[in-house]
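Chains, contacts and geometry: an overview
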Amino acid sequence: MGFKTDAIHAGQEPDPTTGAVTIPIYQTSTYVQEALGKHKGFEYARTQNPTRMALEKNMAVLERGVAAYAFASGMAAETAITHLLLKGGDHAICSDNVYGGTFRLFDKIVRHYGVDFSYVSTSNLADLKAAMRPNTRMLFIESPTNPIMAITDIRRASEIAHRTDCRVVVDNTFMSPYFQRPIELGADIVVHSATKYLNGHSDSVGGVVVLKRKDDAERLQFIQNAAGAILSPFDSWLVLRGIKTLPARMDAHNANGMEIAKYLLKKKQVKKVYYPGLPKHPGHGLAKKQMSGFGGMIAFELGSLARAKAFLGRVKLCSLAESLGGVETLISHPATMTHASVPAKERARLGITDGLVRISVGIEDVEDLIGDLENAFRG
Ligand code: P1T
């Protein structure tokens, strides 16, 4: 089936008991058993829940994996991946620019279990090659990165990592499987903050892991149940509902993103625009090859904290808020919000300056968004 058909139908057969076309919210903690050891395959809702399992089946199909598992947040999903892949004495490589919370998880928690992390620009394959060690067990890539929008060649990075016993994990939150499918490009595991484009309506927090290998999938299912950070039935239902319109929304985000990026490029107050759809973006050629759209995330440089603060204080239609990927436009200041946990020196090196503003372009009328930005630039 085509992607749009799968988004609506995969894993979502009409409910066997009533024929309901929408998967019901199975709001139960347990299931009655006919006799000792005799049940319908459902024992306890941390282990099995039909609403969550429908979302998991759907995501496995969309990301071309063998199985998917849904978690209480993107960070819970990433934590489960570290349980799957890493133990004391191992080494892991992570893109140097990732969501601040990902860096915080690795640096402030996982590292303390004796895992050594290297943060490298995975866009530079020579740097990646140099960072690989015989005990490297995880390569964690974000592409495009949050918020600088750097692109990594997923296929070639996977080839390098697979020369040793190392799994490649791609955080596909910014693109969604509609625009990028890392498993098809050679990655082993895909992770999402389902809070973002998958849900698409800024009304739930969640995470999803999709796996290519059956052995990894079996172990991750064990971890999901044993560690227990599952997605609730209602949140699973919201994400499932969101995914049905994922293709239509992503096309709209992409169209508006391109318009806003071009508009920002023309503003004299803007020193730099980070958007992979712009021909002068350093990853543009690669982005065109491994993605089928550029999405709705843009970062731009205003030159100083004072200018960024003044600008963010003047927008009205664009809401000043963390998060991204919803139908409404959100605008944020990475240095003090999403990436505050990254040391200041490292932020400066990456380009996450005090003057950097990030916009998650929504699907409103683009003229209204440009009008709002124009007012904010005028002061
Ligand atoms: O917020 P949560 O659902 O736990 O997901 C974490 C996460 C993982 N990966 C990426 C690429 C992300 O952007 C996020 C969350 N990001 C934000 C809240 C933000 O505003 O960037």
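Since we're looking at a predicted model, the values are computed, not measured.

About the cut-offs
Residues numbered from 1 in each chain as written. Predicted model: local features only at pLDDT ≥ 70, side-chain atom pairs only at ≥ 80, totals over all residues. Heavy atoms only, no water. Pairing = 2+ DSSP bridges. Helix = DSSP H or I, 4+ residues; strand = E, 2+ residues; numbered from the N terminus. Axes fitted to C-alpha atoms, helices over the stretch in contact; angles between N-to-C directions. Near = heavy atom within 4 Å. Polar contact = N/O pair within 3.5 Å; in protein donor to acceptor, adjacent residues only side chain to side chain. Areas by Shrake-Rupley, 256 points an atom, 1.4 Å probe, with all protein chains shown as cover. Salt bridge = Lys/Arg side-chain N within 4 Å of Asp/Glu carboxyl O. Buried < 20%, exposed > 50% of the residue type's maximum accessible area, 1.4 Å probe, protein only. Expected span 1.5 Å × (residues − 1). Arc of directions from axis to C-beta. Contact = heavy atoms within 4.5 Å. Patch = residues over 30% accessible without salt bridge, like charges linked within 9 Å, V, L, I, M, F, W, Y side chains within 5 Å. Lys, Arg positive; Asp, Glu negative; His and termini not counted. Charge placed at Lys NZ, Arg CZ, Asp CG, Glu CD. Domains from an automatic or database assignment. Buried area = accessible area lost by both parts, 1.4 Å probe.

This part is about the sheet that holds strand β4 (residues 136–142). With respect to topology, seven strands assemble into an open sheet ordered β1-β7-β6-β5-β4-β2-β3, the strand pairing being mixed. Looking at strand neighbours, the two that pair on one side only are β1 (67–71) and β3 (116–120), the edges of this open sheet. Each neighbouring strand pair of the sheet contributes to a mean axis angle of 20 degrees, computed without reference to strand direction. By the bridge criterion, three bridges tie strand β5 (residues 167–171) to strand β6 (residues 189–193) in an arrangement that is parallel. Bridging across to β6, Val-170 finds its partner in Val-190.

Now for the site of the ligand. Around the ligand there are 18 residues in total, and Asp-171, Ser-193, Thr-195, Ser-323 and Arg-358 lie nearest to it. A distance of 2.7 Å is found between a nitrogen atom of the ligand and a side-chain nitrogen or oxygen belonging to Asp-171. Between Thr-195 and the ligand, the recorded distance is 2.6 Å, taken from a side-chain N or O atom to an oxygen atom. When the ligand is considered free in solution it has 470 Å² of accessible area, and contact with the protein chains removes 93% of it.

With an omega of -5 degrees, the peptide bond running from Ser-143 to Pro-144 counts as cis. Relative to the assigned elements, Pro-144 resides in the loop between β4 and α6 (154–161). With omega at 10 degrees, the peptide bond leading from Asn-146 into Pro-147 counts as cis. For Pro-147, the position within the fold is in the loop between β4 and α6. Backbone geometry places Arg-64, a non-glycine residue, at a positive phi of 60 degrees. Position of Arg-64 relative to the elements: it lies in the loop between α2 (50–62) and β1. At Ser-202, a residue that is not glycine, the phi angle is positive and equals roughly 55 degrees. Among the structural elements, Ser-202 can be located in the loop between β6 and β7 (207–211).

It is worth spelling out the pattern of salt bridges at this point. Where charged atoms of side chains with opposite charge meet at close range, the side chains can pair. One pass over the structure, following the stated rule, counts 19 salt bridges. For Asp-96, the salt bridge is made with Arg-349, and the minimal N-O distance between the two is 3.1 Å. Taken together, the residues Asp-96 in the loop between β2 (91–95) and α4 (100–108) and Arg-349 in helix α13 (residues 344–350) connect sequence positions 253 residues apart. Note that Arg-349 is salt-bridged to Glu-346, the shortest N-O span being 2.8 Å. Here Arg-349 and its partner Glu-346 are both found in helix α13, three residues apart, which amounts to about one turn of the helix. Taken together, the shared-partner salt bridges in this structure form one network comprising Asp-165, Arg-167, Arg-213, Asp-215 and Asp-216.

Most of strand β12 (residues 356–360) is tucked away: five of the five residues are buried. Burial along β12 is two-sided: Leu-356, Arg-358 and Ser-360 and Val-357 and Ile-359, pointing in opposite directions, are all buried. Across five bridges, the pairing between strand β9 (residues 297–301) and β12 is antiparallel. Residue pairing across strands places Glu-301 opposite Leu-356, the latter belonging to β12. Relative to β12, strand β11 (residues 330–332) runs antiparallel, the two sharing three bridges. Opposite Leu-330, over in β12, you have Ser-360 as the bridge partner.

In this section: the sheet that holds strand β10 (residues 319–320). One open sheet accounts for five strands, arranged β8-β9-β12-β11-β10; its pairing is mixed. With partners counted over all chains shown, the strands left at the sheet margins are β8 (272–274) and β10, one partner each. Examined bridge by bridge, β8 and β9 share three bridges and lie antiparallel to one another. Paired with Tyr-274 across the two strands is Ala-299, which belongs to β9.

A few words now on helix α14 (residues 366–378). With 13 residues, α14 should cover 18 Å at 1.5 Å per step; its first-to-last C-alpha distance of 18 Å lies within 8% of that length. For α14, the full list of buried residues reads Val-366, Leu-369, Asp-372, Leu-373, Ala-376 and Phe-377. Down the axis of α14, the buried side of the element spans an arc of 140 degrees, and every buried residue falls inside it. Exposed side of α14, more than 90 degrees from the buried face: Glu-367 and Arg-378 are the residues found there. Of the surrounding secondary structure, the elements contacted by the buried residues of α14 are α10 (246–265), β9, α12 (305–314), β11 and β12.

Here we come to a negative patch on the surface. A cluster of acidic residues, Glu-259, Asp-365, Glu-367 and Asp-368, forms a negative patch on the protein surface. By the secondary structure assignment, Glu-259 is in helix α10.

Moving on: the domain arrangement of the protein chain. Under the domain assignment used here, the protein chain contains domain 1 (3–244) and domain 2 (247–378). Placing the centre of domain 1 and that of domain 2 at their C-alpha centroids yields a distance of 26 Å. In this complex, domain 1 contributes 40 residues to the contact, which on the side of domain 2 involves 41 residues. Both faces combined, the contact of domain 1 with domain 2 buries some 3200 Å², and carbon together with sulfur accounts for 62% of it. The three residues of domain 1 that bury the most area against domain 2 are Ile-148, Phe-179 and Tyr-197, which together make up 25% of that side's buried surface.

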